[in-house]
Amino acid sequence: SLLEAVKQTQNIEDELANLSVTHQIAIGGSYLHYDSFSNNIYNVFGLFFPNGARYFHRKDIPTALENFCYTYGDEQSAFDTPLGRIGIVMCWEQLRYQTVRRMAGKVDFLIGGSCWWNFTPEDGPNLYELHRGLSASLALNAPVTLSKIMGVPIVHASHHARFYGSAIADNTKLCNRHIEGAAIITDASGNILLSQRETPGCFFETIEPGCIKSTLDIPDEQYWIPNLPKPMTD
């Protein structure tokens, strides 16, 4: 079961912490974490430093089918760290103004990532036609737009993979999916310093942490940053 599989990966935090100390680097990543106190599974991003400091953010809202895998997290995603004020963003958190509001003026750069899967014809013709181009565009633009709105650099990792998953229209069918988006690094103005979407690997770029005044307004009431069709927001 998913629960048993997640329980077997609980040493991942110690492994990341050990890598940080061994290589004298800050390292972070997301994983499913079982919390025995609440008996819940969360999508957690852990950030680890060589001095032993650890910071954790639980993705605030599961997206779509993720509700079958884990539950609602927290809004604690801005941290004062040995590298300065860092904000953590995960996947669809990049699409919501509530993410901006809780971190605006509190961070000097953002880190995070996505595992943004695509839609296939097996998901049903209506879903496929509506989402096939939009999903790819959202995955590529979300970190860049968030950087521009917040006026800080972003270091965004993306998986590079294909996998088999259940079709939305018929969960007895398997379909071949791939991950949308790219590994992206921007400066504080949202200018792309690096974008890699075709080749797996490790990529490097230099950023200047710090918050500048954004030229983009933050609407008082608006929930979604991009304009999304209704089926995507139900």
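Residues numbered from 1 in each chain as written. Predicted model: local features only at pLDDT ≥ 70, side-chain atom pairs only at ≥ 80, totals over all residues. Heavy atoms only, no water.

> Explain the nonpolar core to me, please; I cannot follow it from the model alone.
Grouped burial of nonpolar side chains is what soluble globular proteins tend to show. Core analysis: the biggest nonpolar cluster contains 13 residues, and V100, M103, L110, L146 and M150 have the highest contact counts within it. Counting only elements with at least two residues in this core, the list comes to helix 3 (97-103) and helix 4 (125-150). With residues near it in sequence (within four places) discarded, M150 still touches V100, M103, A104, V107, L110, C211 and I212. (Core = buried A, V, L, I, M, F, W, Y, C linked by side-chain atoms within 4.5 Å. Buried < 20%, exposed > 50% of the residue type's maximum accessible area, 1.4 Å probe, protein only. Helix = DSSP H or I, 4+ residues; strand = E, 2+ residues; numbered from the N terminus. Contact = heavy atoms within 4.5 Å.)

> How do you make sense of the sheet that holds strand 12 (residues 192-196) when you look at a structure like this?
Pairing is mixed across the open sheet formed by six strands, whose spatial order is 4-5-6-8-11-12. Strands with a single pairing partner mark the edges of an open sheet, and in this sheet they are strand 4 (78-81) and strand 12. Each adjacent strand pair in this sheet contributes to an overall mean axis angle of 15 degrees, direction not counted. Two elements, strand 5 (residues 84-90) and strand 6 (residues 109-114), share five bridges in a ladder whose sense is parallel. The residue of strand 6 that forms the bridge with I86 is F109. (Pairing = 2+ DSSP bridges. Axes fitted to C-alpha atoms, helices over the stretch in contact; angles between N-to-C directions.)

> Would you take a moment to explain the sheet that holds strand 3 (residues 54-58) for this structure?
With antiparallel pairing, the three strands of this open sheet are ordered in space as 1-2-3. The open sheet has two edge strands with one neighbour each: strand 1 (27-35) and strand 3. Sheet twist, expressed as the average angle between the axes of neighbouring strands with direction ignored, equals 30 degrees. When strand 1 meets strand 2 (residues 40-48), the two strands line up antiparallel, connected through nine bridges. In the strand pairing of strand 2, D35 is matched with N40. Its contacts with the sheet put helix 2 (residues 12-23) on strand 1, strand 2 and strand 3, and the angle it makes with strand 1 is roughly 160 degrees.

> What am I meant to see in the environment of T172 here?
Here T172 shows up in the loop between strand 9 (162-166) and strand 10 (174-180). You can call T172 exposed: its relative accessible area is 66%. Side chain to side chain, T172 and D170 meet in a polar contact 2.6 Å long. (Polar contact = N/O pair within 3.5 Å; in protein donor to acceptor, adjacent residues only side chain to side chain.)

> What is the right way to look at the environment of K213 in this model?
One can find K213 in the loop between strand 12 and helix 5 (230-233). In this structure K213 comes out as exposed when scored by relative accessible area, which is 77%. Between the alpha carbons of K213 and M150 there is a distance of 8.0 Å; along the sequence they are 63 residues apart.

> Looking at this structure, how should I read the pairing of strand 12?
Walk down a regular strand and you will see the side chains alternate between the two sheet faces. Sheet topology note: the strand 11 (residues 183-186)/strand 12 ladder contains four bridges and is antiparallel. The partner of I185 across the bridge, within strand 12, is L194. Between the end of strand 11 and the start of strand 12, which pair antiparallel, lie five residues, with G190 showing a positive phi angle near 85 degrees.

> How do you make sense of the packing of aromatic side chains when you look at a structure like this?
Describing an aromatic ring pair means giving the distance of the ring centres and the angle of the ring planes. A full pass over the atoms with the stated rule returns seven aromatic pairs. When the ring of Y55 is compared with that of F79, the centres are 5.7 Å apart and the planes differ by 55 degrees; the resulting orientation is tilted. Placement of the pair is Y55 in strand 3 and F79 in strand 4, with a sequence separation of 24 residues. Both residues of the pair, Y55 and F79, count as buried. Aromatic pair W92 and W116: ring centres 6.0 Å apart, planes at 40 degrees, arrangement tilted. Here W116 lies in strand 7 (residues 116-117) and W92 lies in the loop between strand 5 and helix 3, a separation of 24 residues in the sequence. (Phe/Tyr/Trp six-rings, centres within 6.5 Å; stacked < 30°, edge-to-face > 60°.)

> Teacher, can you tell me more about the side chain of R177 here?
You can see R177 is positioned in strand 10. In contact with R177, not counting residues within four places along its chain, are W117, N118, F119, T120, D123, A161, R162, F163, S166, A167 and I168.

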